[in-house]
Amino acid sequence: MNLIEIISIFAAAMAVSIGAVGPALAEGRAVAAAMDAIARQPEAAGTISRTLFVGLAMIETTAIYCLVIALLVLFANPFIH
Amino acid sequence: MESPLVTNVLFSIGPVPITETVAATWCMIAALALAAILTSRALKLAPSRTQAVLEAFVGALDDQIRDTMRVAPAPYAPLLGTIFIFIFVANWSSLIPGVDPPTAHIETDAALALIVFLAVIHFGVRARGIGGYLKTFAEPSFVMIPLNIIETFTRIFSLIVRLFGNVMSGVFIIGIVLSLAGLLVPIPLMALELLTGAVQAYIFTVLAMVFIGGAVSDGRSADRQKEKKS
């Protein structure tokens, strides 16, 4: 195993681990805010949870980008032939 | 470990290679079409049990479109409903042993997102005319034209990557856990994957609704004007 492959695996692990931190914190805040809103206004629970789901999907996309970059580095690395 | 970005060629018709993903998609399209024909063949005024379920689904879809897009749902319901049912069945097709969900390969997701991209342009031009649709790129001011053009493409790209990443990562993790731990261990993960599949189908449809709604209705620009005034 040469140096490029070792660095690629390391880089993939770093991309996923660091890339998961931000979205995790952001989703936590979003869910907390939605819980707060539902507790104050239970009759709006339907609208809030629908918006929450779409918002969570949007936030999650950043983590998925990191995952895709990690997969590209592992399986479609342009420097490994 | 097999790369998730590669698809296996099953057979080829002339010079065109047919991959496993495409064959699975064809089987699913045929099954869905057959089910649709069988269930909608004998519709009655007093609904049977199947018809009641279908009517509930169609009603929920119409309500969702009315809530999200603030327009009459009739022109958009067939496309959005088909997208939802297809992605839902594709995500849950991993329940059948030996079937890879077609949405776990990026080509299927790209095709679905391309349909949404073209539908946005089609409905936007039909609702506002070509000039009116192009004018939406200059909202709120002409400075935003490059950003709005970039946004049209990046949001479609994120639509592709979101569906692909979620479904593929689920399949991948189940595979890894199965190879590490053994036969019955990944069952909770598979249950989680079913939930993710349903949620992703819903989110893809809702985002398609939001994009089409932004192109056809004046809701977005009206909101912005309200923000400007206040």
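Residues numbered from 1 in each chain as written. Chains lettered and ligands numbered in written order. Predicted model: local features only at pLDDT ≥ 70, side-chain atom pairs only at ≥ 80, totals over all residues. Heavy atoms only, no water.

Participant: Could you clarify how one ought to interpret the overall build of chain A in this entry?
Facilitator: Counting its regular elements, chain A contains two helices and zero strands. Computed over the C-alpha atoms, the radius of gyration of chain A is 18 Å, more than 25% above the 12 Å expected from 2.2 N^0.38 for a compact globule of 81 residues. Principal-axis analysis of the C-alpha atoms gives chain A an extent of 60 × 15 × 10 Å. When burial is assessed residue by residue, chain A has 21% of its 81 residues classed as buried. Once local pairs closer than 6 in sequence are excluded, the contacts in chain A between residues at least 24 apart make up 76%. By element, 75% of the accessible surface of chain A is carried by carbon and sulfur atoms, the whole surface being about 5300 Å². (Helix = DSSP H or I, 4+ residues; strand = E, 2+ residues; numbered from the N terminus. Rg over C-alpha atoms; globule rule 2.2 N^0.38 Å. Buried < 20%, exposed > 50% of the residue type's maximum accessible area, 1.4 Å probe, protein only. Contact = heavy atoms within 4.5 Å. Areas by Shrake-Rupley, 256 points an atom, 1.4 Å probe, with all protein chains shown as cover.)

Participant: Teacher, can you tell me more about the nonpolar core here?
Facilitator: A general trend in soluble globular proteins is that nonpolar side chains are found buried together. Counting residues in each nonpolar core, the largest one holds 46 residues, and the members touching the most others are Met-69, Leu-80, Ile-87, Val-116, Leu-159, Phe-204 and Ile-212 of chain B. The set of elements that each furnish at least two residues to this core consists of α2 (45-75) of chain A together with α2 (49-69), α3 (77-92), α4 (106-135), α5 (145-181) and α6 (187-216) of chain B. When residues in this core are grouped by element, the largest group, eleven residues, is from α6 of chain B. (Core = buried A, V, L, I, M, F, W, Y, C linked by side-chain atoms within 4.5 Å.)

Participant: Is there a simple way to think about the packing of helix α1 (residues 20-40) of chain B against α3 of chain B in this case?
Facilitator: When two helices pack together, their arrangement is given by the angle between the helix axes and the distance between those axes. Residues and elements named next belong to chain B. At a minimum axis separation of 11 Å, α1 and α3 run at an interaxial angle of 125°. Between α1 and α3, the angle falls in the class oblique. The element α1 and its partner α3 pack so that their crossing is right-handed. Across the interface between the two elements, Thr-25, Met-28, Ile-29 and Leu-32 from α1 touch Ile-85, Phe-86, Val-89 and Ala-90 from α3. When grouped by side-chain class, the residues that make up the contact of α1 with α3 number seven nonpolar, one polar and no charged. (Axes fitted to C-alpha atoms, helices over the stretch in contact; angles between N-to-C directions. Parallel < 35°, antiparallel > 145°, perpendicular 65-115°, else oblique. Left-handed = near helix turned anticlockwise from the far one by under 90°. Nonpolar A, V, L, I, M, F, W, Y, C, P; charged D, E, K, R; others polar.)

Participant: What is the right way to read the interface of chain B and chain A from this model?
Facilitator: Buried accessible area, meaning the area lost when the parts come together, often serves as the stated size of an interface. Taken together, the 23 residues of chain B in the interface contact 15 residues of chain A. Taken together, the two surfaces of chain B and chain A that pack against each other cover about 1500 Å², and 78% of this comes from carbon and sulfur. The largest per-residue losses of area from chain B upon contact with chain A belong to Leu-5, Val-161 and Arg-162 of chain B, which jointly make up 26% of the total buried on that side. Where chain B packs against chain A, one counts one salt bridge. Taking the shortest distance from any N to any O, the salt bridge between Asp-67 of chain B and Arg-50 of chain A comes out at 3.7 Å. For the interface between chain B and chain A, the tally reads two residue pairs in polar contact (both at pLDDT 80 or more). Within the residue set of the side of chain B that touches chain A, elements represented by two or more residues are α2, α5 and α6 of chain B. Looking at which element gives the most residues to the side of chain B that touches chain A, the answer is α5 of chain B, with ten residues. For the side of chain B that touches chain A, the class distribution of residues is 13 nonpolar, seven polar and three charged. (Buried area = accessible area lost by both parts, 1.4 Å probe. Salt bridge = Lys/Arg side-chain N within 4 Å of Asp/Glu carboxyl O. Polar contact = N/O pair within 3.5 Å; in protein donor to acceptor, adjacent residues only side chain to side chain.)

Participant: Would you take a moment to explain the confidence of the model for chain B for this structure?
Facilitator: Residues and elements named next belong to chain B. Taken as a whole, chain B shows an average pLDDT of 86; of its residues, 93% reach a score of 70 or greater. In the model of chain B, helix α7 (residues 219-229) stands out as the element of lowest mean pLDDT, 46, in contrast to α3, which has the highest, 94. Contacts from residues 219-230, a stretch scored under 50 in pLDDT, to residues over four places away or in other chains number five contacts. Across the assembled chains, the prediction reports ipTM 0.77 with pTM 0.85. (pLDDT = per-residue confidence, 0-100.)

Participant: What should I look at first to understand a nonpolar patch on the surface in this one?
Facilitator: Residues and elements named next belong to chain B. Together, Leu-10, Phe-11, Ile-13, Val-22, Trp-26 and Ile-29 give the surface a local cluster of nonpolar side chains, amounting to about 560 Å² of exposed area. Where the nonpolar patch is concerned, the elements lending two or more residues are β1 (9-13) and α1. Relative to the elements of secondary structure, Ile-29 occurs in helix α1. (Patch = residues over 30% accessible without salt bridge, like charges linked within 9 Å, V, L, I, M, F, W, Y side chains within 5 Å.)

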